[in-house]
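Here is what each chain is made of, one letter per residue.
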Amino acid sequence: MYSKKLMDHFTNPRNVGEIPDADGVGTEGNPVCGDVMKLFIKVKDGRIVDAKFKTFGCGAAIAVSSMITEMAKGKTIDEAMKITKEAVADALDGLPPQKMHCSNLGADALHKAIEDYKKRHGESS
Ligand code: FES
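The structure presented is a predicted model; accordingly, all values stated were derived computationally and were not measured. (Residues numbered from 1 in each chain as written. Predicted model: local features only at pLDDT ≥ 70, side-chain atom pairs only at ≥ 80, totals over all residues. Heavy atoms only, no water.)

## Overview of the overall build of the protein chain
Item 1. Each helix and strand counted, the protein chain has five helices and three strands in total.
Item 2. Along the chain direction, N to C, the helices and strands of the protein chain fall in the order α-β-β-β-α-α-α-α.
Item 3. What you see for the protein chain is a C-alpha radius of gyration of 13 Å, in line with the 14 Å of a compact globule of 125 residues.
Item 4. Projected onto the principal axes, the alpha-carbon positions of the protein chain cover approximately 45 × 25 × 25 Å.
Item 5. Within the protein chain, the proportion of its 125 residues that are buried is 46%.
Item 6. The contacts in the protein chain between residues at least 6 apart in sequence include a share of 63% that link residues at least 24 apart.
Item 7. Only carbon and sulfur atoms are counted for the fraction: they give 52% of the accessible area of the protein chain, which is about 6,200 Å².
Item 8. Here the protein chain contributes 18 positively and 18 negatively charged side chains, and the mean placements of these two sets differ by 2 Å. (Helix = DSSP H or I, 4+ residues; strand = E, 2+ residues; numbered from the N terminus. Rg over C-alpha atoms; globule rule 2.2 N^0.38 Å. Buried < 20%, exposed > 50% of the residue type's maximum accessible area, 1.4 Å probe, protein only. Contact = heavy atoms within 4.5 Å. Areas by Shrake-Rupley, 256 points an atom, 1.4 Å probe, with all protein chains shown as cover. Lys, Arg positive; Asp, Glu negative; His and termini not counted. Charge placed at Lys NZ, Arg CZ, Asp CG, Glu CD.)

## Describing the pattern of salt bridges
Item 1. In this structure the tally under the stated criterion is eight salt bridges.
Item 2. Between glutamate 18 and lysine 54 there is a salt bridge, and its shortest N-O distance comes to 2.7 Å. Residue glutamate 18 is found in the loop between α1 (4-11) and β1 (24-29), and its partner lysine 54 is found in strand β3 (residues 47-56); the two are separated by 36 residues along the sequence.
Item 3. A residue is classified by how much of its surface remains accessible, and glutamate 18, at 43% relative accessible area, is partly exposed. (Salt bridge = Lys/Arg side-chain N within 4 Å of Asp/Glu carboxyl O.)

## Brief notes about the sheet that holds strand β2 (residues 36-44)
Item 1. A sheet is described by the order of its strands in space; here three strands give the open sequence β1-β2-β3, paired in antiparallel fashion. In this open sheet, the two edge strands, each paired with only one partner strand, are β1 and β3. On average, each strand axis in the sheet is inclined to that of its neighbour by 15 degrees, with strand direction left out of account.
Item 2. Bridge count for β2 against β3 is nine bridges, and the pairing is antiparallel. Of the residues in β3, the one forming a bridge with leucine 39 is phenylalanine 53.
Item 3. Sheet strands in contact with helix α2 (residues 59-72) are β2 and β3, and its direction is about 170 degrees off that of β3.
Item 4. Contacts from helix α5 (residues 102-120) reach β1, β2 and β3, with the element oriented near 145 degrees to β1. (Pairing = 2+ DSSP bridges. Axes fitted to C-alpha atoms, helices over the stretch in contact; angles between N-to-C directions.)

## Structural notes on α2
Item 1. Here α2 spans 20 Å end to end across 14 residues, near enough to the 20 Å set by a 1.5 Å rise per residue.
Item 2. Where burial is concerned, most of α2 is hidden: 12 out of the 14 residues are buried.
Item 3. Of all the positions in α2, only Ala60, Ala61, Ile62, Ala63, Val64, Ser65, Ser66, Met67, Ile68, Thr69, Met71 and Ala72 are classed as buried.
Item 4. Close packing links the buried residues of α2 with α1, β2, β3, α4 (85-91) and α5. (Expected span 1.5 Å × (residues − 1).)

## Brief notes about unusual backbone geometry
Item 1. Its identity as a non-glycine residue notwithstanding, aspartate 45 has a phi of 50 degrees, on the positive side.
Item 2. Considering the arrangement of structural elements, one finds aspartate 45 in the loop between β2 and β3.
Item 3. Given the relative accessible area of 78%, aspartate 45 is considered exposed.
Item 4. Of note in this structure, aspartate 93 is not a glycine but carries a positive phi near 60 degrees.

The analysis is restricted to geometry; functional conclusions fall outside its scope.
Next comes the structure, spelled out in structure tokens:
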């Protein structure tokens, strides 16, 4: 029911942890199940140079968190703002239909972290 790629990111998640001196932090809760994801980004010259996450959630949410931090790294903040939950689900070779809501967390937490970064740096979003 889960793709190989999803299982890989669940059992061996990338970028777990916190960035103590993060430039932006986004926290998102999933109203469907109560799971929570916190995403940290480090930005240099308008580009995301590092991203880490802490997720209290299901396996799909962990895999989504792992994948979205990998996708965000190296992107400009404008490019990262355009990463959608569908893109993350596609990158994981799909999510089972009843788990699609789990992909909301990642994109929303990333977008919140970018908005937090913009706020701290005096840019309105
Ligand atoms: Fe909560 Fe997946 S069941 S994010």
